[in-house]
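As a plain string of letters, each chain reads:
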Amino acid sequence: MKLIKFSILATIVPVMFVGCTNTQALPSKADQSKVVAIIAQMPAHDSQQQADLAAQLAAMNPQSTTVLTGMLLPPADPNDNAARYGLSALTHYTARHGAEAERAVYAAALIDALEIVPEKQNQAFLISQLQFAGQEEAVKPLGGYLNDDVLCDYAARALLTIGTDGVEAEFLEALDSATGANKVTIIKALGELRSKAAAKKITPSTKSKDLNTRETALYALANIGDPSSQKILSESTQVKDNYKRAKYTSLYLLYARRQAQAGNMNRCAQICNQVIRRNKDNPNIRTAAINTLRSSTGDDIDKITDPKLRKLLQKYMDQSPDVAASQVPAGFVSLFNGKDLTGWKLHDGLPGETEPTGKWTVEDGAIVGVQDPPGKGGFLTTTETFRDFELMLETKIDWPFDSGVFLRVGPDGKSHQVTLDYRDGGEIGGIYCPWTQGFVHHCSDGIKSFNKDQWNKLRITCEGQPARIKVWLNSTQITDFQHTEATTAGIPEEGTICLQIHPGGEGYDKSQARFRNIFVRRLDGAEKINVLTKQEKADGFVSLFNGRDLTGWVGSKATYGIKNGILFCRKGTGRNIYTEKEYDNFVLRFEFKLQPGTNNGLGIRTPLKGDAAYVGMELQILDNTAEKYSNLHNWQYHGSVYGIVAADKTKRESAFNPVGEWNYEEVIADSTRIIVKVNGETIVDADIKEASKNGTLSGKEHPGLLNETGHIGFLGHGDYVEFRNLRIKEL
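Another aspect to go through is the confidence of the model for the protein. Reading predicted coordinates in detail is not appropriate for stretches of low pLDDT. Of the residues in the protein, 91% reach a pLDDT of 70 or more, and the chain-wide mean stands at 85. Counting interchain partners and residues more than four positions distant, the pLDDT-below-50 stretch residues 1-23 has 44 contacts. Taken together, the stretch residues 319-326 has pLDDT below 50 and engages in 17 contacts with residues farther than four places along the chain or on a different chain.

Take a look at the structure:
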């Protein structure tokens, strides 16, 4: 970017200086020139240069912020881009770990500038910076903008992100005089805060003539969950219009969940029962009510004292399919119960056949397939269909024999085959499309990783359209094939999963293909994830994230978003969210997906205020393969207990899936013993009391390290990262 001419600075900055507070020294001409020189280098070439430039600006605060805010121009003039880059860089930089003093100086300078900077849009920009740089000191100043027709929404979002103790009072005070769109914004914010004190103030708005105000008030009351709101929410569902009935009933069920979370399980059950009885003609609403009941009880029906409701829930649970007796991987469901072929059937209607052939039985906890009659093979297919999914199974195939796993199988058999051709010249991991394109991808080396006369672990992902298919054999990736429109022509976008016995082959009529521990995880919709498996429920796990909203979480919730059931940290934000509940000893499971250079953290046993790495404990969530992290301390790598325990170097290097793919993590906190597993590999197993008895690896004090209890949180460091399938079991 070109160097900004000093004449621009000279004409704008003095306007700001007239209003400077007594706590700020007027920037000297030398300071002005230095700031201009720094921001002339923005946007930076890389993150390291960005951090270096921001550090230079932070070292000059509050003078640098005064200069930069003085350079903001009316929205129609594009010549202040460099100043905006500088302020954004300061916001990001001062939100980092351990920068509280720099953050406080910067926030104070922003607050001073906010009072005197011209143009509403410039004020909106400064408020957006305070959203991430401000804390309690910014609450009162921001509250003053809640009745501003232009800035109310900006101020509300900033206050919700800050989320400190004084925020609720600012919204309550502003509600008294708010009108129009501002009133709607404030009501929604109080609902997000779940402000019990706001329930009575919001109630009159449920009778508003304005539809937006009325529906926002209903949402807020449902989310707050005050007992006084039940009648209003119940009455709102009594409408003839099917769309509105479903919409308002969803709010009533949200209110029911809030009752369960508050310990009012019987009230939750009564509401669900009421919804079920009222909607005999609407199976979707009935199912939503039953699912609310299930999720609220954690399938522990003894929490409900009403025998009719217990019976209803038990009936629903009994209709759920069995799961395999073996351990189901986190986030997966079982396709095979280990006992019989429930959920499977012979595939009929394949080209050239008059009736299904091939024989399938269950022996010693495995599905066994053989030719029947000799020379005739066939498909065993799931009764469910799948679009995007991850499949895990184990297979043992006699030598020589030809088998396969088929994906997205249509009624006519057209599909994607992952070949399991275990014979001379055969391929393991090739992609073959029967009755359409034939072979579209060869994998001649895959057979080298297949263990003879042993069980082999197979992992397959099928995503997108045209499909991208990846195959791992015994933890080694052997296939990564991206279809084109031409190669996938004729194959459905959704279909069943099939196991195959290939026909023909002299002497193969006695050979067997065996399959066991067959698990699948859908990747094609929020409703298919963030759901506990039956095994997890039996083991005592409960969900920490419902895939729809941040129910059960507090803190800077606006810095995190939800899309298609995925919880993500917004890029450029450096704030934290925490569980409402505190936990002492537990098993926590979750999935995460990193982007190149991602940095986040998992706080455990931490209070809601302060740097979680020190007032509690932080486990690193980090793409430590990024070049910018080439000089990390060993206690900064992913999974490490920050500053205390380093993750095992050898194991951590082999445990991770590539950046951009999902990883599964399990954290066990049992007294002072901390265990971290990634994709099943233990990378940390240490006693933190023992590890820190002679001082910490970082050389810094960690006063909260041995906390017996505290919140669990995700700690944003300004990078985009995704999470899903969060569940916890208390020990």
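Let us look at the sheet that holds strand β14 (residues 496-501). Spatial ordering of the open sheet is given by β2-β5-β14-β7-β8-β9-β10, a layout of seven strands whose pairing is antiparallel. Two strands in the sheet have a free side with no partner beyond their single neighbour: β2 (344-346) and β10 (438-441). Strand-to-strand twist across the sheet, computed as the mean angle between neighbouring axes with direction ignored, equals 30 degrees. When strand β7 (residues 401-409) meets β14, the two strands line up antiparallel, connected through five bridges. Of the residues in β14, the one forming a bridge with valine 409 is threonine 496.

It is worth spelling out the packing of helix α6 (residues 100-116) against helix α8 (residues 136-143) at this point. Axis separation between α6 and α8 bottoms out at 10 Å; the angle between their running directions is 15 degrees. Our classification of the angle between α6 and α8 gives roughly parallel. The handedness of the crossing between α6 and α8 comes out as left-handed. Of the residues in α8, those touching α6 at Arg103, Ala107 and Ile111 are Glu137, Ala138 and Pro141.

Below, the discussion takes up unusual backbone geometry. A cis amide bond links asparagine 61 to the next residue, proline 62, at an omega of 5 degrees. Unlike most non-glycine residues, arginine 194 shows phi in positive territory, near 55 degrees. Take arginine 194: it is sitting in the loop between α11 (180-193) and α12 (199-202). Even without glycine at this site, asparagine 474 takes up a positive phi of about 50 degrees. Mapped onto the fold, asparagine 474 is located in the loop between β12 (468-473) and β13 (476-482).

What follows deals with helix α15 (residues 242-261). Compared with the 28 Å implied by 1.5 Å per residue over 20 residues, the 29 Å span of α15 between its first and last C-alpha is a close match. Its side-chain oxygen at 2.8 Å from the backbone nitrogen of lysine 244, aspartate 241 defines the N-terminal cap of α15. Trailing α15 by a residue or two, glycine 263 shows a phi angle of about 95 degrees, which is positive.

Note on placement: arginine 408 falls in strand β7. Polar contacts involving the side chain of arginine 408 include one to the main-chain carbonyl oxygen of arginine 387, which spans 2.9 Å. At a separation of 3.0 Å, a polar atom in the side chain of arginine 408 contacts the side chain of glutamine 465.

Remark on secondary structure: sheet strands pair via backbone hydrogen bonds, oriented parallel or antiparallel. Taken in spatial order, the five strands make up an open sheet running β17-β20-β27-β22-β23, and their pairing is antiparallel. In this open sheet, the two edge strands, each paired with only one partner strand, are β17 (553-555) and β23 (617-622). Ignoring which end each strand starts from, the neighbouring axes of this sheet average 25 degrees apart. Here three bridges tie strand β20 (residues 576-579) to strand β27 (residues 711-715), and the two strands are oriented antiparallel to one another.

Quick notes on the rules
Residues numbered from 1 in each chain as written. Predicted model: local features only at pLDDT ≥ 70, side-chain atom pairs only at ≥ 80, totals over all residues. Heavy atoms only, no water. pLDDT = per-residue confidence, 0-100. Contact = heavy atoms within 4.5 Å. Pairing = 2+ DSSP bridges. Helix = DSSP H or I, 4+ residues; strand = E, 2+ residues; numbered from the N terminus. Axes fitted to C-alpha atoms, helices over the stretch in contact; angles between N-to-C directions. Parallel < 35°, antiparallel > 145°, perpendicular 65-115°, else oblique. Left-handed = near helix turned anticlockwise from the far one by under 90°. Expected span 1.5 Å × (residues − 1). Polar contact = N/O pair within 3.5 Å; in protein donor to acceptor, adjacent residues only side chain to side chain.

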